[in-house]
Amino acid sequence: MHAISRKRLKLPYVALLLLTMFLWVNQAAAEYGDIVMNAKAEAMREAEVDDVLFPHWFHRIRYRCNVCHEKIFTLKAGSNDITMANISIEHKMCGVCHDGSIAWEALECERCHSQEPGWSAGPIQHSIHSETPEKPLIDTRQKRYTKLYEIASGWHPLALTGSGLPLDKYGLVDWAGAVREGIVEPIWNLDPKINETPALSRDSVIVFESKGDFMPDVTFSHDIHSYWLQCDICHASKNGAIFKDEVGANSVTMLEIAQGKWCARCHDKVGFPISDCSRCHNQPKDEPLKKGMIKRKYLPQKIETEPHNGLFDF
Ligand code: HEC
Ligand code: HEC
Ligand code: HEC
Ligand code: HEC
Ligand code: HEC
Ligand code: HEC
């Protein structure tokens, strides 16, 4: 049995969501988890269109990640070769849906080409600063940007705050909560009759023992992850598995997570941010394990020499 409730979508929320979407489209502001796409910048400038801004939130209200990853798009920004020909003629990539049947056809350029050039490609990690709502954070022109600076200065999203979706302490959408409360009910497959099978859901909770005493242990729940994602995303991803499917087989460190590996392949990008420490570190060391929890053993720690992104530059 799946622990996540499957109540129907509540109508007032739908109305609020539609209103927010309308406001959002008119503001064209970037939201946490949106992806800036500019691999084909030169051709786009020739055609006099801006960069593409792909809004994850707009799609994940309707679709679980499984619909797109990795049947349509591999899980790495910039790794999908997208052209207008494969969208409009071959009906691949965005054109799987944006062909006038499932969603509007790719005719109005600026609906997708909505991002003023100059921003770095990839996910918008921390939305918008409350004082300068028109400027998303990851401006390549801003050289002294660090993660700590961003956390310390309290960046906030604006577009979704009035949506009626539950929010986390940063004002970002709490998608796990939205699913638990039955506020959104995204579909698993483009064919709404196909749902995930028991073979595609799992209930075990892996407890990662955090080294040292100052942080509680980490819980990784298969339940919420296999609600959104297919097993293959983590255990047989197209560009190499993120995690081997064996307890303790992955030598995970916080430093590598802060560099964008392991859990941060999604968290800090589309899932909730890494700065929300206690959402992962939520198992006090002296608390007995609950049913279904599997505790990992310590693994020998590698010596880290690579430069990192400043998260721990206190
Ligand atoms: C409607 C399709 C769609 C859905 C649904 C979707 N994504 Fe994506 N995702 C994309 C596209 C498009 C990209 C960008 C690909 C590119 O740049 O080549 C992307 C990129 C990503 C990346 C790469 C970020 C990086 O920095 O490399 C991650 C991680 C990701 N998505 C996670 C998710 C998660 C988690 C979900 C579900 C909560 C999800 N996506 C749902 C279409 C989708
Ligand atoms: C799995 C189906 C699917 C895929 C794949 C998909 N979309 Fe969408 N998209 C939708 C649906 C459905 C809507 C909502 C349409 C509506 O409101 O009429 C939407 C809405 C949008 C919006 C919201 C803004 C607006 O004006 O409505 C943007 C922007 C967008 N898509 C861009 C993209 C881009 C860029 C890609 C490819 C990188 C893409 N989509 C891939 C289904 C999809
Ligand atoms: C459904 C969303 C969507 C719409 C609508 C759309 N595009 Fe695109 N377009 C994309 C995506 C995604 C890319 C790939 C961006 C990248 O990877 O750099 C792209 C790339 C391009 C490129 C560079 C690649 C190539 O095919 O030469 C040009 C030029 C372009 N678009 C022009 C247009 C024009 C002109 C229109 C309006 C007639 C338009 N686009 C409408 C999503 C869209
Ligand atoms: C978001 C990533 C993710 C997804 C999706 C995922 N897993 Fe895992 N899985 C993990 C992690 C992390 C571990 C722990 C690995 C470790 O201890 O080093 C794990 C461990 C396992 C294990 C060993 C522990 C156990 O539960 O018995 C199995 C078997 C497994 N996964 C199967 C699956 C199956 C089947 C699915 C789909 C229903 C799935 N996983 C989906 C990340 C994922
Ligand atoms: C392939 C993408 C992916 C990977 C890898 C991943 N997650 Fe997640 N995780 C998600 C998504 C999507 C959600 C749903 C909530 C959201 O989007 O913020 C989620 C939710 C969670 C939640 C639930 C929060 C709550 O409020 O219930 C926890 C805790 C969590 N992840 C921890 C981890 C840990 C620990 C790891 C690494 C061992 C990990 N995740 C790896 C995508 C991922
Ligand atoms: C997405 C989940 C996630 C979030 C959010 C997260 N951590 Fe971790 N953290 C982990 C995992 C998984 C490990 C366990 C690595 C292992 O097996 O030793 C870990 C381990 C640690 C350790 C032990 C040292 C090490 O490298 O293993 C420390 C210290 C730590 N985290 C601090 C933090 C702090 C501080 C934050 C907030 C800024 C944070 N973590 C946020 C998942 C997370």
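Here, every reference points to the structure presented above.
Residues numbered from 1 in each chain as written. Chains lettered and ligands numbered in written order. Predicted model: local features only at pLDDT ≥ 70, side-chain atom pairs only at ≥ 80, totals over all residues.

(A) Just the sheet that holds strand β4 (residues 205-208), in detail. Pairing in this open sheet of three strands is mixed, and the strands run β5-β4-β6 from one edge to the other. This sheet does not close on itself; its edge strands, each paired only once, are β5 (218-221) and β6 (293-295). With direction set aside, neighbouring strand axes in the sheet form an average angle of 25°. Two strands pair when backbone bridges link them, and β4 and β6 are joined in this way by three bridges, in the parallel orientation. Bridging across to β6, Val 205 finds its partner in Met 293. (Pairing = 2+ DSSP bridges. Helix = DSSP H or I, 4+ residues; strand = E, 2+ residues; numbered from the N terminus. Axes fitted to C-alpha atoms, helices over the stretch in contact; angles between N-to-C directions.)

(B) Quick peek at the sheet that holds strand β1 (residues 35-37). Strand order in the open sheet formed by three strands is β2-β1-β3, and the pairing between neighbours is antiparallel. For this open sheet the edge positions go to β2 (52-54) and β3 (122-123), each flanked by a neighbour on one side alone. As defined by bridge partners, β1 adjoins β2 across three bridges and the pair is classed as antiparallel. Looking across to β2, one finds that Met 37 is bridged to Val 52.

(C) Layout of the site of ligand 3. Taken together, 23 residues form the shell around ligand 3, and within it Lys 40, Thr 83, Ala 106, Cys 109 and Cys 112 come nearest. Where the shell around ligand 3 is concerned, the elements lending two or more residues are α2 (41-46), α5 (84-88) and α6 (109-112). (Near = placed C-beta within 6 Å.)

(D) How the structure looks around the site of ligand 4. Taken together, 23 residues surround ligand 4, and among them Ser 204, Cys 231, Cys 234, Asp 245 and Asn 250 come closest. Listing elements by their share of the shell around ligand 4, those giving two or more residues are α9 (222-228) and α10 (231-235). Ranked by the residues each element gives to the shell around ligand 4, the list is headed by α10, at four residues.

(E) Molecular detail of the pairing of β4. Pairing analysis gives four bridges linking β4 to β5, with the strands arranged antiparallel. For Val 207, the partnering residue across the bridge sits in β5 and is Thr 219.

(F) Main features of the nonpolar core. In terms of nonpolar packing, the biggest core is built from 32 residues, with Val 36, Val 173, Trp 175, Ala 178, Val 179, Val 184 and Leu 229 touching the most fellow members. For this core, the elements supplying multiple residues, two or more each, are β1, β2, α4 (65-68), α8 (175-180), α9 and α10. (Core = buried A, V, L, I, M, F, W, Y, C linked by C-beta atoms within 7 Å. Buried ≥ 20, exposed ≤ 12 C-beta atoms within 10 Å, placed from the backbone.)

(G) The arrangement of the environment of Asp 174 in detail. Tracing the chain through its elements places Asp 174 in the loop between α7 (147-152) and α8. Of the residues examined, Asp 174 has 19 C-beta atoms within 10 Å and is grouped as partly exposed. Between the C-alpha atoms of Asp 174 and Gly 271, which are 97 residues apart in sequence, the distance is 9.1 Å. Discounting chain neighbours no more than four positions away, the residues touching Asp 174 are Pro 166, Leu 167 and Asp 168. (Contact = placed C-beta atoms within 7 Å.)

(H) Here's a closer look at unusual backbone geometry. In this structure, the amide linkage connecting His 69 to the following residue, Glu 70, adopts the cis form with an omega of 0°. Structurally, Glu 70 is set in the loop between α4 and α5. Look at Trp 262: it is not a glycine, yet its phi comes out positive at around 50°. One can find Trp 262 in the loop between α11 (254-258) and α12 (277-280).

By themselves these figures say nothing about function.
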